[in-house]
Amino acid sequence: MAKSLYETLEVSDSASSDEIKKAYRKLARKYHPDVNKDKDAEEKFKEINAAYEVLSDKEKKQQYDQHGDSMFGGQNFHDFARGQGGNVDLDEILRQMFGGSGGFGGSSFGNQGFGGQGFGSYNEPDLDMSAQITIAFDISILGGKQQVSFNNESFDIKIPEGIRDGQKIRAKGKGKSYNGKRGDLIIKINVAPSPEYTLEGDTLTKYFDIPLKTALFGGKVEIRTAHKTITLKVPESTKQYQRFRVKELGILNRKTGTKGDLYLKANIVLPKVEDLDENLVTLLKEKLPETI
């Protein structure tokens, strides 16, 4: 049975949840539109997110493992998505695949699956709906506004400072309507990987470049952090990857109300020998120690 969602994430259909998550993060980092400027990157990024939405959910994964690509009328996921037109709505595809109770949707839509497959049933209407968005890493640290387009409606939501990957935000009154009532939209937040920072707990880590002269003799270096630009005093004889702690410039812990720290790791940039003064090169060859 063909199962192209696994192919989309470049894993086998026997992959563990950890392997699926690791593959998703790797591909999301590779094809994120802010990083990859290729014209097809955005659509690839959407497909990756849609595949992960299914395979990271135990119930949806179980249904997909049972039915495979018959849920797309026998086509593989890539061809099916491309066949929907230029502005493919993968949210809507997933809503229909899982009868509205899964995917990015909310309540059930009846027996509507693809290729004659039906996976939903209509009972008491649930007016809340689900969606997911990807935000920039810096926004997760600082907070801010993010525009959301859903059900032919565009609106801004407030991203709180310190939100983490996988957490959810409730947009009141943006769900389904029924008998004059309207449910909410529950938005799962995916935080895009950062090319600059790594995050562990509440602590951020970032590398910064310094010239060899500063590493040897000390000096001051301006460094742009997520919160502000700081001036770091670098001591004499700074070593490669030496770590400097800056208090409370990490990420906010929303439960405790405290901020973690920022660790800056020195990356010493060596000059090219051909750019050095000949007399200095001669002197260095004579005087530099040959042992560590």
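Above this text sits the structure in question.
Definitions and limits used
Residues numbered from 1 in each chain as written. Predicted model: local features only at pLDDT ≥ 70, side-chain atom pairs only at ≥ 80, totals over all residues. Heavy atoms only, no water. Helix = DSSP H or I, 4+ residues; strand = E, 2+ residues; numbered from the N terminus. Buried < 20%, exposed > 50% of the residue type's maximum accessible area, 1.4 Å probe, protein only. Contact = heavy atoms within 4.5 Å. Areas by Shrake-Rupley, 256 points an atom, 1.4 Å probe, with all protein chains shown as cover. Core = buried A, V, L, I, M, F, W, Y, C linked by side-chain atoms within 4.5 Å. Domains from an automatic or database assignment. Pairing = 2+ DSSP bridges. Expected span 1.5 Å × (residues − 1).

### Regarding the overall build of the chain
When helices and strands are counted, the chain shows 9 helices and 15 strands. Counting every position in the chain, which comprises 292 residues, the buried fraction comes to 42%. Taking the intrachain contacts of the chain between residues at least 6 apart in sequence as the baseline, contacts between residues at least 24 apart amount to 52%. In the form shown here, the chain has an accessible surface area of approximately 17,500 Å², with 46% of it arising from carbon and sulfur atoms.

### Here we look at the environment of Leu232
By secondary structure assignment, the location of Leu232 is in strand S11 (residues 229-234). The exposure class of Leu232 is buried, given its relative accessible area of 10%. Taking C-alpha positions, Leu232 is 8.4 Å from Gly219, a pair spaced 13 residues apart along the chain. Excluding residues that lie within four positions of it along the chain, Leu232 makes contacts with Phe208, Gly219, Lys220, Val221, Ile223, Phe244 and Leu264.

### Section: the nonpolar core
Among the nonpolar cores identified, the biggest contains 37 residues, and Ile157, Leu185, Ile187, Ile189, Phe208, Ile210 and Leu264 are the most heavily contacted of them. Mapping this core onto the domain boundaries places at least three of its residues in each of domain 2 (129-191) and domain 3 (197-275). In this view, Ile157 contacts Ile133, Gly144, Lys145, Gln146, Val148, Ala171 and Ile187; residues no more than four positions away in its chain are not counted.

### Re the pairing of strand S1 (residues 129-135)
A large share of S1 lies buried, amounting to 5 of its 7 residues. Pairing between S1 and strand S7 (residues 185-191): 7 bridges, direction parallel. What sits directly across from Ala131, in S7, is Ile187.

### Here we look at the side chain of Ser140
Among the secondary structure elements, Ser140 is positioned in helix H7 (residues 137-142). Those residues in contact with Ser140, other than ones at most four positions away along the chain, are Ile135, Pro160, Glu161, Gly162, Ile163, Val191 and Ile251.

### Observations concerning helix H3 (residues 41-55)
For H3, which comprises 15 residues, the first-to-last C-alpha distance of 21 Å matches the rise-based estimate of 21 Å (1.5 Å per residue) to within 8%. When you tally the buried positions in H3, you get 12 out of 15 residues, the bulk of the element. For H3, the complete set of buried residues consists of Ala41, Glu43, Phe45, Glu47, Ile48, Asn49, Ala50, Ala51, Tyr52, Glu53, Val54 and Leu55.

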